[in-house]
Amino acid sequence: MENRPTRVRLLDAAHDLMLTVGLARATTKEIARAAGCSEAALYKHFASKEELFIQVLTERLPPLRPLLSGLAAEPGRHTLEENLTEIARQAALFYEQSFPIAASLYAQTELKRRHDDAVRQMGAGPHVPIQELDTYLRAEQERGRVRTDADTFAAASLLMGACAQRAFAYDATREAVRPPVDEFAVRLARTLLAGIAD
């Protein structure tokens, strides 16, 4: 008999299936079967597959959103360069691990639309980390560590966009190797800082 709680088994099974077959093809029935429980048990813990997906991203992938909300609540902790480097590192790892899960959605327009509607109702989505980073950068702007004329939303979009691009753009190069995450994060943070730091 399985000792782990049902919710944990469901998250593990969902994570594994979403990674191997993609979000679009990972059905709640298959997830429940892989977790060793009924589909009804799945719905006791998660209202929908979209909620399960959001919880997989939140609980099984690098903790990007907690980092961003923590920094926004406490700006000035560490140097701006250290904070942006850690944000870039976590974001690069998050997108690297989440893209294989979500990529299948983009092949089915109607499924993607339904997914986006459901995620939007939960207050989640790919835009949220950009907004949270913008909030953090505005807090640093108020502290005088980011230039008053800096466009914090554009800066947040650039950092998150670069991290998302790292997840798939380098697969097409001759070497098919992504830049090492720690080096990438340092270079990205320093480049961004050159444009926004006071």
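Up top you'll find the structure we're talking about.
Residues numbered from 1 in each chain as written. Predicted model: local features only at pLDDT ≥ 70, side-chain atom pairs only at ≥ 80, totals over all residues. Heavy atoms only, no water.

1. Thoughts on the packing of aromatic side chains
Counting across every chain of the model gives 3 aromatic pairs. Measuring from centroid to centroid gives 5.6 Å for F99 and F168, while their planes differ by 25°, and the two rings are stacked. Of this pair, F99 sits in helix α6 (residues 80–102) while F168 sits in the loop between α9 (152–166) and α10 (181–196), and the two are 69 residues apart along the sequence. Residue classification places F99 among the partly exposed residues on the basis of a relative accessible area of 28%. Look at F168 and you get partly exposed, because its relative accessible area is 43%. Among the aromatic residues, those joined into a cluster by ring pairs are F94, Y95, F99 and F168. Positioned over the ring face of F184 is R166, at 5.8 Å from the centre of the ring. (Phe/Tyr/Trp six-rings, centres within 6.5 Å; stacked < 30°, edge-to-face > 60°. Helix = DSSP H or I, 4+ residues; strand = E, 2+ residues; numbered from the N terminus. Buried < 20%, exposed > 50% of the residue type's maximum accessible area, 1.4 Å probe, protein only. Lys NZ or Arg CZ within 6 Å of the ring centre and 35° of its normal.)

2. Overview of the packing of helix α4 (residues 49–60) against α6
Remark: α4 packs on α6, axes separated minimally by 11 Å, with the N-to-C direction vectors making an angle of 155°. Of the possible angle classes, the one that applies to α4 and α6 is roughly antiparallel. Pair α4 / α6 crosses with right-handed handedness. Seen from α4, the contacting residues are F53, V56, L57 and R60; seen from α6, they are F94, Q97, S98, I101 and A102. Along the lines of polarity and charge, the residues of the contact of α4 with α6 split into 6 nonpolar, 2 polar and 1 charged. (Axes fitted to C-alpha atoms, helices over the stretch in contact; angles between N-to-C directions. Parallel < 35°, antiparallel > 145°, perpendicular 65-115°, else oblique. Left-handed = near helix turned anticlockwise from the far one by under 90°. Contact = heavy atoms within 4.5 Å. Nonpolar A, V, L, I, M, F, W, Y, C, P; charged D, E, K, R; others polar.)

3. A look at the layout of surface pockets
Of the pockets and cavities examined, the largest pocket occupies roughly 680 Å³. Taken together, 32 residues line the largest pocket, and the ones lying closest to its centre are F53, L57, F94, G125 and P126. If you list the elements that add at least two residues to the lining of the largest pocket, you get α4, α5 (64–73), α6, α7 (109–121), α8 (128–142) and α9. In terms of residue class, the lining of the largest pocket is made up of 22 nonpolar, 6 polar and 4 charged. (1 Å grid on protein atoms, 1.4 Å probe; cavity = no way out; pocket = protein on both sides within 12 Å on 5 of 7 lines; lining within 4 Å. Points joined across faces, edges and corners; volume = space filled by probe spheres on them.)

4. Some words on the environment of D116
Turning to its location among the elements, D116 is positioned in helix α7. Under the relative-accessibility criterion, D116 is labelled partly exposed at 24%. In this structure, the C-alpha to C-alpha distance between D116 and A156, residues 40 residues apart in sequence, is 21 Å.

5. Points about unusual backbone geometry
A positive phi angle, near 65°, is found at H78, a position not held by glycine. By the secondary structure assignment, H78 is in the loop between α5 and α6. Look at A176: it is not a glycine, yet its phi comes out positive at around 55°. Judged by its relative accessible area of 44%, A176 is partly exposed.

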